[in-house]
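Residue strings, one per chain:
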Amino acid sequence: MGKKVQEKENLKRGLSNRHIQLIALGGAIGVGLFYGSTSTIQLAGPSVIFSYMIGGMIIFTIMRALGEMAVAEPVSGSFSSYANRYLGPFAGYLTGWTYWFMWVVVGMAEITVIGVYVNYWFPDIPQWASALAALLLITCINLVNVKAYGEFEFWFALIKVVAIVGMIAAGLAIVFFGFGNGGHAIGFSNLWSHGGMFPHGMKGLLFSLVMVMFSFGGVELIGITAGEATDPKKTIPKAINSVIWRILIFYVGALGIMMTLYPWNEVGSNGSPFVLIFDKIGIPGAADLINFVVLTAALSAFNSGLFSTGRMLYNLSLQNNGPKYFGKLNKWSTPSRGILFSSAFLLIAVFLNYVVPEKVFIYISAVATVAVVTSWTIILITQIAFRKAKSKEEVSKLDFKLPFFPYSSYIALAFLAMVIVLMAFIDGMSIALYVAPVWFLVLYVGFKLKNRAKPGETSLSKKAV
């Protein structure tokens, strides 16, 4: 039990409810909405609205499964720690390193689009230079105490939330009252007048689910914050129960308005739909405003990702599933060594932006999707094992149970399996299905070598969590 006590003593509980709410939103509302939504719409047309509703229900199930464990056992590192305890040391090892890998890859996607947005104002600045500057800035922020990180994330996430709400409100004013359109209400006919709600049939709807799930990657950050939340038994359930419907409103509402105002097959062809909407109602400098918003959105999501990588490496160290080096905190009680290690890997993205800037995003999003689906799958399997390890009396005392267990868990697992299969048929996405087995093999070999070198650690790690 010693290491669990050490974790509680060292990591400071400096994140309030407002921090945790916006951290979860900040992690999930990033490049998937602002940069990747156009390709998702082209896959499914207006039926993409249903894709986000379906994906949202699955995400809610995953979050409630995670929340059940996080409220009962609030630790930093979250589902890696739970997998280590309830599925065994290799599961904890696989989960922690895969989640770290996911956020490193997502971080690459975020700093890639940061370069694109900076080029809008300063076309002569190389994309890789902007990516490097963003990496250095966010790394410095994460090295300070957790409350400082929480404040930065709160305000940056708030900017994009306000912008999306403003866009939805402006769009509704155009739809119902004709603001910016000579007083002529546009109505909703664009949703079905260009090939119907399902212009590419069910095939388009199914394929769009892959990018939809990539967009939702990041909501599980709530579990990572549990070890540093001021009142996890109160803040975690509140964050989980409210953040899902908020994300659904932001995604379904924003994309619904886009496709109501403009035919789905024209979205993105004449510039950013966000810019066009604000421009239509006469907001001066709409393009500059939205470019600023999407830039802060990418910085916000990148900030959340780097935060989680440091915590995951710290927890892996406590489990004996990572080098002891990552278990040391700096004077602000921040896992600085893990953060700097992750930042070093993110330099790969800077290099890719120098070599192949036009192909970086699709490759990175494909690999990130497999990694996040793996993490979600292990969360669900771990929660099933978590329930089985409890007596009926212990289950009855759980404060935040997953509804409709175990049926909801199995439905979510089947859905995630379907997403992986669909990736094999999407151009550019199938590369991840080659990367993933190599990654898992590397982890398996690494785990075996670690235990061969230190045969006593397997049993110790289970006791340490």
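Residues numbered from 1 in each chain as written. Predicted model: local features only at pLDDT ≥ 70, side-chain atom pairs only at ≥ 80, totals over all residues. Heavy atoms only, no water.

Colleague: Can you walk me through the overall build of the chain in this structure?
Modeller: Along the chain, the regular secondary structure elements total 20 helices and 0 strands. When contacts within the chain are restricted to residue pairs at least 6 apart in sequence, those whose partners lie at least 24 apart make up 83%. As displayed, the chain has an accessible area near 17900 Å², and 69% of this comes from carbon and sulfur atoms. (Helix = DSSP H or I, 4+ residues; strand = E, 2+ residues; numbered from the N terminus. Contact = heavy atoms within 4.5 Å. Areas by Shrake-Rupley, 256 points an atom, 1.4 Å probe, with all protein chains shown as cover.)

Colleague: Explanation requested: helix 14 (residues 286–318) in the structure shown.
Modeller: Since the α-helix turns once every 3.6 residues, residues separated by three or four places project in the same direction. Helix length check: helix 14, at 33 residues, gives a terminal C-alpha distance of 49 Å against a target of 48 Å (1.5 Å per residue), a fit within 8%. Residue Asn320 follows helix 14 closely and has a positive phi angle near 65 degrees. (Expected span 1.5 Å × (residues − 1).)

Colleague: Help me understand the environment of Ser80 in this model?
Modeller: Tracing the backbone through its elements, the reader meets Ser80 in helix 6 (residues 79–86). By relative accessible area, which is 0% here, Ser80 ends up buried. Sequence separation between Ser80 and Met312 is 232 residues, and the spatial gap between their C-alpha atoms is 7.6 Å. Apart from the residues lying within four places of it in its own chain, the contact partners of Ser80 are Gly92, Thr95, Gly96, Met312, Asn315, Leu316 and Gln319. (Buried < 20%, exposed > 50% of the residue type's maximum accessible area, 1.4 Å probe, protein only.)

Colleague: Where do I start with the packing of aromatic side chains in this structure?
Modeller: Within a pair of aromatic rings, the relevant descriptors are the distance that separates the centres and the angle that separates the planes. Counted by the stated rule, this structure contains 18 aromatic pairs. Between the aromatic rings of Trp97 and Trp100, the centroid separation amounts to 5.6 Å while the plane-to-plane angle is 80 degrees, which identifies the pairing as edge-to-face. Of the two residues, Trp97 and Trp100 both sit in helix 7 (residues 89–121), 3 residues apart, roughly one turn of that helix. Of the two residues, Trp97 and Trp100, both sit in the buried class. Through a chain of ring-to-ring contacts, three or more aromatic side chains come together here, namely Trp97, Trp100, Tyr325, Phe326, Phe341 and Phe345. If you follow Arg64 out to its NZ or CZ, it ends over the ring of Phe400, 4.0 Å from the centre. The aromatic ring of Phe405 is capped on one face by Arg387, whose charged end is 4.5 Å from the ring centroid. (Phe/Tyr/Trp six-rings, centres within 6.5 Å; stacked < 30°, edge-to-face > 60°. Lys NZ or Arg CZ within 6 Å of the ring centre and 35° of its normal.)

Colleague: How should the nonpolar core be read in this particular structure?
Modeller: When a protein is soluble and globular, its nonpolar side chains tend to lie buried together. In this structure, Ile59, Trp97, Met213, Phe216, Met259 and Trp376 are the most contacted members of the largest nonpolar core, which totals 143 residues. A total of 19 residues in this core trace back to one element, the largest contributor, which is helix 7. Once residues lying within four places of it in the same chain are set aside, the contact partners of Met259 are Ile41, Gly45, Pro46, Val48, Ile49, Asn190, Leu191, Trp264 and Val267. (Core = buried A, V, L, I, M, F, W, Y, C linked by side-chain atoms within 4.5 Å.)

Colleague: Help me understand helix 9 (residues 146–177), please; the structure alone is not making it clear to me.
Modeller: End to end, helix 9 covers 45 Å across 32 residues, agreeing with the expected 46 Å (1.5 Å per residue, within 8%). Immediately beyond the C-terminal end of helix 9, within one or two residues, lies Gly178, with a positive phi of roughly 75 degrees.

Colleague: Looking at this model, I keep getting lost on the packing of helix 7 against helix 8 (residues 127–143). Mind explaining?
Modeller: Describing two packed helices takes the angle between their axes plus the distance from one axis to the other. Between helix 7 and helix 8, whose axes approach to 8 Å, the crossing angle comes to 120 degrees. Our classification of the angle between helix 7 and helix 8 gives oblique. The chirality of how helix 7 crosses helix 8 is right-handed. Together, Ile111, Thr112, Ile114, Gly115, Val116, Val118 and Asn119 of helix 7 and Gln127, Ser130, Ala131 and Ala134 of helix 8 make up the contact between the two elements. Taken together, the residues of the contact of helix 7 with helix 8 break down into 6 nonpolar, 5 polar and no charged. (Axes fitted to C-alpha atoms, helices over the stretch in contact; angles between N-to-C directions. Parallel < 35°, antiparallel > 145°, perpendicular 65-115°, else oblique. Left-handed = near helix turned anticlockwise from the far one by under 90°. Nonpolar A, V, L, I, M, F, W, Y, C, P; charged D, E, K, R; others polar.)

Colleague: Explain the confidence of the model for the chain to me, please; I cannot follow it from the model alone.
Modeller: As a note on interpretation, predicted positions should not be read in detail where pLDDT is low. Confidence along the chain averages 79 in pLDDT terms, with 84% of residues attaining 70 or more. Here helix 20 (residues 457–464) stands out as the element of the chain with the lowest mean pLDDT, 40, in contrast to helix 18 (residues 407–423), whose mean of 94 is the highest. Counting interchain partners and residues more than four positions distant, the pLDDT-below-50 stretch residues 1–9 has 16 contacts. This stretch, residues 456–465, has a pLDDT under 50; its non-local contacts, to residues over four places away or in other chains, come to 21 contacts. (pLDDT = per-residue confidence, 0-100.)

Colleague: Explain the packing of helix 9 against helix 14 to me, please; I cannot follow it from the model alone.
Modeller: Relative orientation of the contacting elements helix 9 and helix 14 amounts to 145 degrees, with a least axis distance of 9 Å. Where helix 9 crosses over helix 14, the handedness of that crossing is left-handed. Residues Val146, Tyr149, Phe152, Glu153, Phe156, Ala157, Ile159, Lys160 and Ala163 of helix 9 pack against Phe292, Val293, Thr296, Ala297, Leu299, Ser300, Ala301, Asn303, Ser304, Phe307 and Arg311 of helix 14. In the contact of helix 9 with helix 14, the residues fall into 13 nonpolar, 4 polar and 3 charged.

Colleague: Would you explain the environment of Pro126 in this entry?
Modeller: The topology assignment puts Pro126 in the loop between helix 7 and helix 8. A relative accessible area of 36% places Pro126 in the partly exposed class. Between the alpha carbons of Pro126 and Gly115 there is a distance of 7.6 Å; along the sequence they are 11 residues apart.

Colleague: I tried to follow the side chain of Asn321 on my own but got confused; where do I start?
Modeller: One can find Asn321 in the loop between helix 14 and helix 15 (336–355). Residues contacting Asn321, with those up to four places away along its chain left out, are Asn84, Pro89, Gly92, Tyr93, Trp97, Leu316, Phe447 and Lys450.

Colleague: Is there a simple way to think about the pattern of salt bridges in this case?
Modeller: For the structure shown, the criterion picks out 4 salt bridges. The salt bridge partner of Glu68 is Arg387, with a shortest N-O separation of 2.9 Å. Pair noted here: Glu68 is in helix 5 (residues 48–72) and Arg387 is in helix 16 (residues 360–388), with a separation of 319 residues, a long-range link. Take Arg387: its relative accessible area is 12%, and that puts it in the buried class. Lys390 is paired through a salt bridge with Glu73; the nearest N and O atoms lie 3.7 Å apart. (Salt bridge = Lys/Arg side-chain N within 4 Å of Asp/Glu carboxyl O.)

Colleague: Whenever I open this one, the environment of Ser208 confuses me. Can you help?
Modeller: Looking at where Ser208 falls in the secondary structure, it is placed in helix 10 (residues 201–216). Overall, the relative accessible area of 0% leaves Ser208 in the buried class. Sequence separation between Ser208 and Ile426 is 218 residues; the distance between their C-alpha atoms is 9.7 Å. If sequence neighbours within four positions are ignored, Ser208 has contacts with Thr40, Leu43, Ala44 and Ser51.

Colleague: Is there a simple way to explain the side chain of Asn84 in this structure?
Modeller: In this structure, Asn84 sits in helix 6. Reaching out from Asn84, the side chain makes a polar contact with the side chain of Asn321 at a distance of 3.1 Å. (Polar contact = N/O pair within 3.5 Å; in protein donor to acceptor, adjacent residues only side chain to side chain.)

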